[in-house]
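Report on the structure
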Amino acid sequence: MKLKADRATLLKALGHIQSVAEKRNTIPILANVLIAVRDGRLAFTATDMEIAVVEDVAATTTRNGATTAPAATIYDIVRKLPDGAEVELDHPGGDAQLALRAGRFATSLLVLPVEDFPSMTAGQLPHRFHLPALTLRGLIDRTRFAISTEETRYYLNGIYLHAVESDGHRRLRAVATDGHRLARVEEDLPEGAGAMPGVIVPRKTVAELRKLLDEASGSVEVGLSDTRIQFTVGPITLTSKLIDGTFPEYDRVIPRDNDKVLRVGKKDFAEAVARVAAISSERSRPVKLALQKDLLTLSAASPDQGTAVEELDGDRVQYAAGPLEIGFQARYLNDITDQITEQVEFRFADGSAPTIVRDSADESALYVLMPMRV
Amino acid sequence: MRGFGEQLTGQSLCRACLATPVATVQCPVCHAPQILRHPELFSLAIAHVDCDAFFASVEKARRPDLADTPVIVGGGTRGVVTTACYIARLSGVRSAMPMFKARKLCPDAVVIRPDMAAYAAAARQIRAMMARLTPLMQPLSVDEAVLDLSGTQALHGMPPAAVLARFAREVEAQMGVTVSIGLAGNRLLAKLAAGRDKPRGFAVLGSEAAQVLACEPVGILPGVGPVQERRLGKLGLTRVGQLQALDDRQARAMLGDDGPSLVRRARGQDARLVDTGGLAKSISAENTFAADLTDHADLERQLWRLTERLASRLRDQGFSACGVVLKLKTARFATRTRTVRLPQPSVLPDTLFEAARRLLAREADGTAFRLIGIGAAGLAPLSAADAGDLADPDAGRRRARQGAIDGLRARFGATVIGRGRGL
């Protein structure tokens, strides 16, 4: 295998690859990137056996062949090469070392045999559809904060992606919950997704995909089966296993009859929460919301630091229902308001029941928040 | 004291007649060659007591004619050796060995089916004798316990070492069962010491422990089973001394999050207290099998029964579990405990079981286990249990179902209704 490519191109591709490669060396070859030139085309592959990322890289190739070498080391070297450098990778085959040359810099890297590199095949992906990168980004950003990290309910450690019928429209829905909050976002169901099974996309896959979407415009091709999902973003293909579990029937926890409505500007509200919560020394930073007609009083107390109160009055809040007191974790409120553009709409039942939060201007997202005792 | 080289210095005690000090190899008072000698003999106070070939010893005690005959307790449904007496062990018979193999090795052996009720009764008597030595006594299994004798010298009029030597003599005289005792400054070392001088042993590990352990294979450390031993071997760590040399950072890098705690164990450090369970700091249920279990489904069935027992103990005492701890003891007596936190406190058997079975799935790798247990990791008030959350819409239904089962059991007895998985 022999090729030349410019530093910036390699660096970008290795950047996508190296976070997937396993850093903890339980299986040493998982720390490696597979570098392959076939029919004159260069591709990088990294996998942790749950996720595999393959990226086609622009390069001038002079000899076919493949080898594997430590992803983090190559990334680090390429990163430290001067901007504009042309990098040559040269591997004669077998267990010979991989030569990496740039200008007057040269390094020889130990390799591991290509045959030992685990291949993660996607298998048959009977469901295929396209989504604009921007739409996919929106689905992820507005749900991923609610993904659980708990071990016992492993089926909550991802985003539940599924097709539903909602108000007579076919929708693609993304849902995540950690038990304390739930985020549900929906978009029009893309063509080809009609018969897709409900799948749980793991947290790490979501994070890797989201990174790829940062630079992407245009559309992403999604392919999936009961056990695998594959995203093709430009020259990059990310294939991932799915979480084998049953996502809870979340529809039953979404309250239907919450009729006490509060509307408040996102900026006013988020800033007041941050100021009031600053007093709290507890990890959960509880903030109490006390409501009267067109008056919202936020407060927090800390046994060793004192108390803080802020009022938002009729200029900034609309509330017409009876008095109500309810408490939430400051971080949970912030995670949701971060996703809201202008005005937040709360729908309460009472001080101890799940509360609905929405963006007044956007029907596509719905959040449910469990109150805490304050 | 055997095993650590005979040095005629340090504090000494005759195990047979409790004479002290003794400067010779044989006791000048009773002439028994059972002299304990250690520089810290009279200051160490944590003891691990392990009955020797317990089931076989109980059988021999009730049938004195078998005293000099090889005895194997086992057979039953699975056809493996549960316990072999030390005479049978001379022929190579071991626990967990298939019975046909044991018979081939030791054709003269008398094979007796396990009589768990008799062993449990004997164990209760021995425990009662231990409880007279100190209130800080924690049974670890049917034939094992750990005792903290700190501050009992005034009460007994003699140091812990002498109290223990007398206790061993009494158990042997009254029950016909010999015990091996490990005396040390903490639970870990006491356990290791107890295993160094079996049967009818008495071993002491003081401040020299780290040095003594250094040359031993890593497999002697509790929690290091065959799998872990192989893993360590691949990293070039075969002796305890090599683990001792690692600092926290290296340990974590090489061995993962459990590395530093393994290194502490290798150095003989252990901060666990003797836990009598009297203050309900922990609630658990465990079971030692008549024959070792390897099969995942068998282990799960046992686990389910214990989970139901744990759940009812929690409810009875007004608690719920914040997490679940799974305890396993391998056929080679290595204890593994694995803990997981629950999303919210629970007393529902289903919830506790789901958490525990996931822990079990990672351990049931073909290893033979002799004991399984489940306990609450952290207690919360019963009122805080199983409130349900956004990811658990069925909590109310499960609570109601369990309530119905409990109601039936309260009226008609525990066996009136059960889950299929318990069969």
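What comes next concerns the included structure. Computed from a prediction, not measured in an experiment: that's the story for all the values here.

Some details on the overall build of chain A
Regarding its fold elements, chain A presents 6 helices and 26 strands. Across the 374 residues of chain A, 53% fall into the buried class. When contacts within chain A are restricted to residue pairs at least 6 apart in sequence, long-range pairs at least 24 apart make up 67% of them.

What to know about the interface of chain B and chain A
Taken together, the 15 residues of chain B in the interface contact 19 residues of chain A. Note that Asp394 of chain B and Arg252 of chain A form a salt bridge whose closest N and O atoms lie 2.7 Å from each other. Applying the counting criterion to the chain B and chain A interface returns 3 residue pairs in polar contact (both at pLDDT 80 or more). Secondary-structure elements contributing two or more residues to the side of chain B that touches chain A are strand S13 (335-346) and helix H14 (349-363) of chain B. Top element by residues in the side of chain B that touches chain A is S13 of chain B. It accounts for 4 residues. Taken together, the residues of the side of chain B that touches chain A sort by class into 7 nonpolar, 1 polar and 7 charged.

Section: the layout of surface pockets
The calculated volume of the second largest pocket comes to roughly 1400 Å³. Taken together, 36 residues make up the lining of the second largest pocket; nearest its centre are His180, Gln329 and Tyr332 of chain A together with Pro343 and Gln344 of chain B. If you list the elements that add at least two residues to the lining of the second largest pocket, you get helix H6 (330-337) of chain A together with S13 of chain B. With 7 residues, S13 of chain B is the single largest residue contributor to the lining of the second largest pocket. Looking at the lining of the second largest pocket, its residues break down into 14 nonpolar, 13 polar and 9 charged.

Notes on the side chain of Asn258 of chain A
All names here are of chain A. Locating Asn258 in the fold gives a position in the loop between strand S17 (236-241) and strand S18 (260-265). Here Arg347 takes part through its backbone oxygen, which lies 2.9 Å from a polar atom of the side chain of Asn258. Sequence-distant contacts of Asn258, defined by excluding residues within four places in its chain, comprise Arg347, Phe348, Ala349, Pro354, Thr355 and Ile356.

Description of the nonpolar core
Among soluble globular proteins, nonpolar side chains are generally buried collectively. Core analysis: the largest hydrophobic core is formed by 100 residues, its most contacted members being Ile35, Phe44, Ile74 and Leu298 of chain A. Residues within four places of Ile74 of chain A in sequence aside, it is in contact with Leu14, Val33, Ile35, Ala69, Leu98, Leu100 and Leu109 of chain A. Counting residues in each nonpolar core, the second largest holds 57 residues, with Leu13, Ala45, Leu147 and Leu164 of chain B among its members.

Re the side chain of Asp335 of chain A
Residues and elements named next belong to chain A. Inspection of the secondary structure puts Asp335 in helix H6. There is a polar contact of 2.8 Å between the side chain of Asp335 and the side chain of Arg181. Once residues lying within four places of it in the same chain are set aside, the contact partners of Asp335 are Phe145 and Arg181.

So, the sheet that holds strand S10 (residues 202-205) of chain B
Residues and elements named next belong to chain B. Spatial ordering of the open sheet is given by S7-S8-S3-S9-S10, a layout of 5 strands whose pairing is mixed. Looking along the sheet, the strands with just one partner apiece sit at the ends: strand S7 (137-141) and S10. For this sheet, the mean inter-axis angle between neighbouring strands, taken without regard to orientation, is 20°. Examined bridge by bridge, strand S3 (residues 46-51) and strand S9 (residues 179-184) share 6 bridges and lie antiparallel to one another.

A few points about unusual backbone geometry
All names here are of chain B. In this structure, the amide linkage connecting Lys198 to the following residue, Pro199, adopts the cis form with an omega of -15°. Examined against the element boundaries, Pro199 turns out to sit in the loop between helix H7 (187-194) and S10. In this structure, Leu18 takes a positive phi of about 65° despite not being glycine. You can see Leu18 is positioned in the loop between strand S1 (11-14) and strand S2 (35-38). The class of Leu18 is buried, set by a relative accessible area of 17%. For Asp386, which is not a glycine, the phi torsion comes out positive at approximately 50°. Note on placement: Asp386 falls in the loop between strand S15 (379-381) and helix H15 (395-412). A relative accessible area of 6% places Asp386 in the buried class.

Considering empty space enclosed by the protein
Inspection of every chain in the model, using the stated rule, returns 3 cavities of 30 Å³ or more. Taken as a whole, the largest cavity spans an internal volume of roughly 100 Å³. The set of elements that each furnish at least two residues to the lining of the largest cavity consists of helix H3 (133-141), strand S11 (158-166) and helix H4 (203-214) of chain A. Ranked by residue count, the leading element in the lining of the largest cavity is H3 of chain A, at 3 residues. Within the lining of the largest cavity, the residues separate by chemical class into 10 nonpolar, no polar and no charged. Taken as a whole, the second largest cavity holds about 80 Å³ of empty space. Elements supplying a minimum of two residues to the lining of the second largest cavity: strand S5 (80-84) and strand S11 (284-293) of chain B. For the lining of the second largest cavity, the element with the most residues is S11 of chain B, which contributes 4 residues. For the lining of the second largest cavity, a count of residues per class yields 7 nonpolar, 2 polar and 2 charged. Each of two domains, domain 3 (54-117) and domain 5 (279-422) of chain B, supplies a minimum of three residues to the lining of the second largest cavity.

A word on the packing of aromatic side chains
Enumeration according to the criterion identifies 10 aromatic pairs over all chains in this entry. Here the aromatic rings of Phe346 of chain A and Phe348 of chain A are separated by 5.6 Å at their centres, their planes lie at 0°, and the arrangement is stacked. Taking relative accessible area as the criterion, Phe346 of chain A reaches 1% and is therefore assigned buried. The buried category is assigned to Phe348 of chain A, whose relative accessible area is 0%. Among the aromatic residues, ring-to-ring pairing joins Tyr160, Phe247 and Tyr250 of chain A into one connected group. When the ring centre of Tyr86 of chain B is taken as origin, the NZ or CZ atom of Arg89 of chain B, which lies over that ring, is 4.3 Å away.

Rules behind the numbers
- Residues numbered from 1 in each chain as written.
- Chains lettered and ligands numbered in written order.
- Predicted model: local features only at pLDDT ≥ 70, side-chain atom pairs only at ≥ 80, totals over all residues.
- Heavy atoms only, no water.
- Helix = DSSP H or I, 4+ residues; strand = E, 2+ residues; numbered from the N terminus.
- Buried < 20%, exposed > 50% of the residue type's maximum accessible area, 1.4 Å probe, protein only.
- Contact = heavy atoms within 4.5 Å.
- Salt bridge = Lys/Arg side-chain N within 4 Å of Asp/Glu carboxyl O.
- Polar contact = N/O pair within 3.5 Å; in protein donor to acceptor, adjacent residues only side chain to side chain.
- Nonpolar A, V, L, I, M, F, W, Y, C, P; charged D, E, K, R; others polar.
- 1 Å grid on protein atoms, 1.4 Å probe; cavity = no way out; pocket = protein on both sides within 12 Å on 5 of 7 lines; lining within 4 Å.
- Points joined across faces, edges and corners; volume = space filled by probe spheres on them.
- Core = buried A, V, L, I, M, F, W, Y, C linked by side-chain atoms within 4.5 Å.
- Pairing = 2+ DSSP bridges.
- Axes fitted to C-alpha atoms, helices over the stretch in contact; angles between N-to-C directions.
- Domains from an automatic or database assignment.
- Phe/Tyr/Trp six-rings, centres within 6.5 Å; stacked < 30°, edge-to-face > 60°.
- Lys NZ or Arg CZ within 6 Å of the ring centre and 35° of its normal.

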